Each structure stands twice: as C-alpha cells, then as structure tokens.
Amino acid sequence: MIKIGYFQFYPNLKQIKQNSDKIVNTLKHIDADLIVLPELPFTGYYLQNRGKAQELAEDPKNSPTVDTLINLCKKRNFYIVTGFAEKSHSLIYNSALLIGADGVLHTYRKLHLFDDEKQWFDPGDAPPQVVEILGVKIGIMICFDWIFPEVMRSLAIMGADIICHPSNLILDYCQSAMLTRCLENGVFAITTNRFGVENKSGGEIQFTGNSQIVAPKGMLLHRAPSQLDELYITEIDVEDARDKYITPSNHLLEDRRPEFYSGLLTPEILSDQ
Ligand code: ACM
C-alpha cells in the first residue's frame with residue numbers, strides 16, 4: 001500500500017516565494033508517500049513572453065525553490081512531483097520534477113505545449129520515462145499531454161503503475177477523459193490541477209480545478225471542488241495496476257497488434273494521399 005495525494009491551490013503569478021511558502025506550510029505536517037503539485041505552481045501559468053519566462057525560470061541544480069522541496073522531502077520522508085519552469089542554458093522548458101530526500105530524481109519536459117505556451121517555452125526534447133520509487137513505477141506527463149493517448153500508453157508499456165499529471169487545465173474535457181485513459185492502460189492517475197484566473201492578451205483564462213485520482217478500472221476515487229484549495233491523500237494498492245486483464249482472455253497490453261499500427265510512427269498525416 002502507498003499513500004498518494006495532491007495539493008490543489010491558486011498560485012499567484014510571479015510570486016515564487018509566496019507560492020513556495022504556501023506549499024511548504026501545507027505539506028510540512030502530512031503523512032504521505034507521494035504528493036503531486038500542479039503544473040507551474042511557483043511562477044504561475046501565463047508568463048506572457050519569452051523574456052519574462054527567462055526571468056522566472058530556474059535551473060533546478062541552482063534553485064532555492066527546489067532546495068526547499070528537497071529539505072521538505074527529507075523531513076517528511078516523502079516524494080513530490082511538481083511542475084517547474086526549468087531553465088537549461090538558453091532554453092526554457094515547462095517541466096515536472098520528481099523530488100525526494102536525495103534530490104531531483106527525474107525531470108520530464110512537456111512534449112505537447114498548449115496554445116500561447118509555444119511563445120515562451122521550448123518543446124520537450126526527450127521521451128517520457130518510468131522511474132521507480134518505493135517499489136512503485138511512476139510515469140509523468142503534464143497537462144495537455146493527456147490529449148495525446150500515446151503518452152500514457154507508452155508509459156504503461158514501460159510499466160508505469162501511477163501516472164503523475166501536474167496540470168493547469170483550461171478546457172474542460174480532461175477530467176472525464178482521464179477515466180478512459182486509466183481504463184485502457186490499467187493505471188492509476190493523479191491529475192493535480194490549479195484553480196483561479198489569470199490575464200492573457202485580450203482576455204482572461206479560468207483554470208478548472210477538479211483535481212482527481214483515478215484507479216485502473218477507470219474508477220474515480222476522488223475529485224476536488226472546482227475553485228477551492230484542497231489537500232487530499234488516500235491509500236492505494238499498486239497491485240491493482242499490475243493486473244492488465246480486462247477479461248480472463250484479454251490483456252490490455254499483450255493483446256495489442258502493433259504490427260498493424262505503423263501509422264502511429266509516421267510523422268506526416270496520410271489521410272489526404
Ligand atoms: C495546459 O496544457 N496547461 C492547458
């Protein structure tokens with residue numbers, strides 16, 4: 001059994017220290033093994049332009065924010081998956097870090113940037129990977145990655161038990177779609193969303209909250225309210241993610257017929273030809 005959870009809140013744009021203090025104050029007394037935070041919980045979401053993103057992004061190896069989280073993991077003996085505006089030389093990624101008492105164990109860089117994010121972030125440059133902690137295999141994807149089923153499928157094929165999914169969701173399709181993603185891949189998913197509003201050029205963005213934890217048969221274990229803070233922790237049995245039989249004679253992964261899916265690896269769209 002493993003205790004997993006999320007912290008949904010309303011990050012204040014560009015207030016890195018204030019957001020970090022809020023997270024630390026919320027998590028400093030909890031009993032859990034793995035906590036997932038939203039996408040970009042320190043900087044906020046709508047960074048406006050490349051210059052602002054450069055100012056706010058940090059190199060995780062030289063970041064007071066990350067050092068604070070490592071200390072928290074040491075004190076509380078848990079792991080955190082958090083969104084993070086990552087600076088790497090001249091590049092800036094919308095990333096997620098897996099952090100434990102020994103430091104940053106893994107960095108995932110968002111592959112599918114959403115809308116205006118393309119103006120200030122560089123797209124992820126590496127395939128998603130699975131990392132083991134406490135005997136459990138963790139896969140990470142970020143927000144809009146959910147709409148590309150290949151991401152969760154490839155993590156499931158690599159053995160992921162739990163998908164950690166830091167998010168700043170704006171469209172309202174994801175929460176229900178994740179029930180299907182978990183069913184078809186036989187995995188748990190922790191989607192941690194933020195709530196509140198930010199300004200964008202010519203309007204506002206409303207974030208949808210409703211963070212949630214879904215079990216492998218597509219069962220919703222818990223969903224947060226839309227526009228409120230919520231810390232939620234529950235205990236799960238990861239063995240539920242290791243039984244991939246949907247009937248006694250149908251295995252979700254072994255019954256695939258990849259020899260007939262060659263179109264998946266074709267970069268151009270073939271339907272017009
Ligand atoms: C999103 O990918 N933050 C919508």
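The present account deals with the structure reproduced in this document. These numbers come from a predicted model, not from an experiment.

## Points about the overall build of the protein
When you go through the protein residue by residue, the secondary structure sums to 5 helices and 16 strands. For 273 residues, the compact-globule estimate of 2.2 N^0.38 gives 19 Å, and the protein sits close to it at 18 Å. In terms of its C-alpha atoms, the protein occupies a principal-axis envelope of roughly 55 × 50 × 35 Å. Expressed as a percentage of its 273 residues, the buried residues of the protein come to 52%. Within the protein, residue pairs in contact and separated by at least 24 positions form 69% of the contacts whose partners lie at least 6 positions apart. When the 26 basic and 35 acidic side-chain charges of the protein are each reduced to a single mean position, those positions are 4 Å apart.

## Structural notes on the pairing of strand E3 (residues 79-88)
With 9 of 10 residues buried, E3 lies mostly within the body of the structure. Across 3 bridges, strand E2 (residues 34-36) lies against E3 in parallel orientation. By the bridge assignment for E3, Val36 is matched with Val81. Bridge count for E3 against strand E4 (residues 91-100) is 9 bridges, and the pairing is antiparallel. Counted as the bridge partner of Val81 is Leu98 from E4. Hairpin connection between E3 and E4: a loop of 2 residues separates the two successive antiparallel strands, and His89 in this loop has a positive phi of roughly 55°.

## Considering the sheet that holds strand E13 (residues 220-223)
The 6 strands are arranged E6-E7-E8-E9-E12-E13 in an open sheet whose pairing can be described as mixed. The open sheet has two free edges, formed respectively by strand E6 (130-133) and E13, since each of these has just one partner strand. Here the strands of the sheet are splayed against their neighbours by 20° on average, with no regard to which way each runs. Here helix H5 (residues 174-185) sits on the sheet and contacts strand E8 (162-166), strand E9 (188-192), strand E12 (212-214) and E13; the angle it forms with E12, its principal contact strand, is near 20°.

## Looking at the nonpolar core
Ranked by internal contacts, the top residues of the largest apolar core, which has 81 residues, are Leu27, Leu34 and Ile162. Apart from the residues within four sequence positions on either side, Leu27 is in contact with Phe7, Ile35, Leu37, Leu72, Arg76, Phe78, Ile80 and Leu231.

## What about the pattern of salt bridges?
Pairing between side chains of opposite charge can happen when their charged atoms approach one another. Counted according to the given criterion, the structure contains 16 salt bridges. With its nearest N and O atoms 3.9 Å apart, the salt bridge here joins Lys61 to Asp59. When its relative accessible area of 77% is taken as the criterion, Lys61 is described as exposed. Classification of Asp59 by relative accessible area gives partly exposed; the value is 28%. One salt-bridge network, in which partners are shared between bridges, spans Glu39, Lys110 and Glu117.

## Focus: the pairing of strand E1 (residues 2-8)
Of all 7 residues making up E1, 6 are buried, and the element is well covered by its neighbours. Looking at chain direction, E1 and strand E14 (residues 230-236) are connected through 7 bridges and run antiparallel. Counterpart to Lys3 in the pairing with E14 is Glu235. Bridge count for E1 against E2 is 3 bridges, and the pairing is parallel. If you follow Ile4 over to E2, its bridge partner there is Leu34. One crossover worth recording links E1 to the parallel E2 by way of helix H1 (residues 16-27), and it is right-handed.

Parameters and conventions
Residues numbered from 1 in each chain as written. Predicted model: local features only at pLDDT ≥ 70, side-chain atom pairs only at ≥ 80, totals over all residues. Heavy atoms only, no water. Helix = DSSP H or I, 4+ residues; strand = E, 2+ residues; numbered from the N terminus. Rg over C-alpha atoms; globule rule 2.2 N^0.38 Å. Buried < 20%, exposed > 50% of the residue type's maximum accessible area, 1.4 Å probe, protein only. Contact = heavy atoms within 4.5 Å. Lys, Arg positive; Asp, Glu negative; His and termini not counted. Charge placed at Lys NZ, Arg CZ, Asp CG, Glu CD. Pairing = 2+ DSSP bridges. Axes fitted to C-alpha atoms, helices over the stretch in contact; angles between N-to-C directions. Core = buried A, V, L, I, M, F, W, Y, C linked by side-chain atoms within 4.5 Å. Salt bridge = Lys/Arg side-chain N within 4 Å of Asp/Glu carboxyl O. Right-handed = clockwise from strand over helix to strand, strands pointing away.

Shape is all these values report; function is a separate question.
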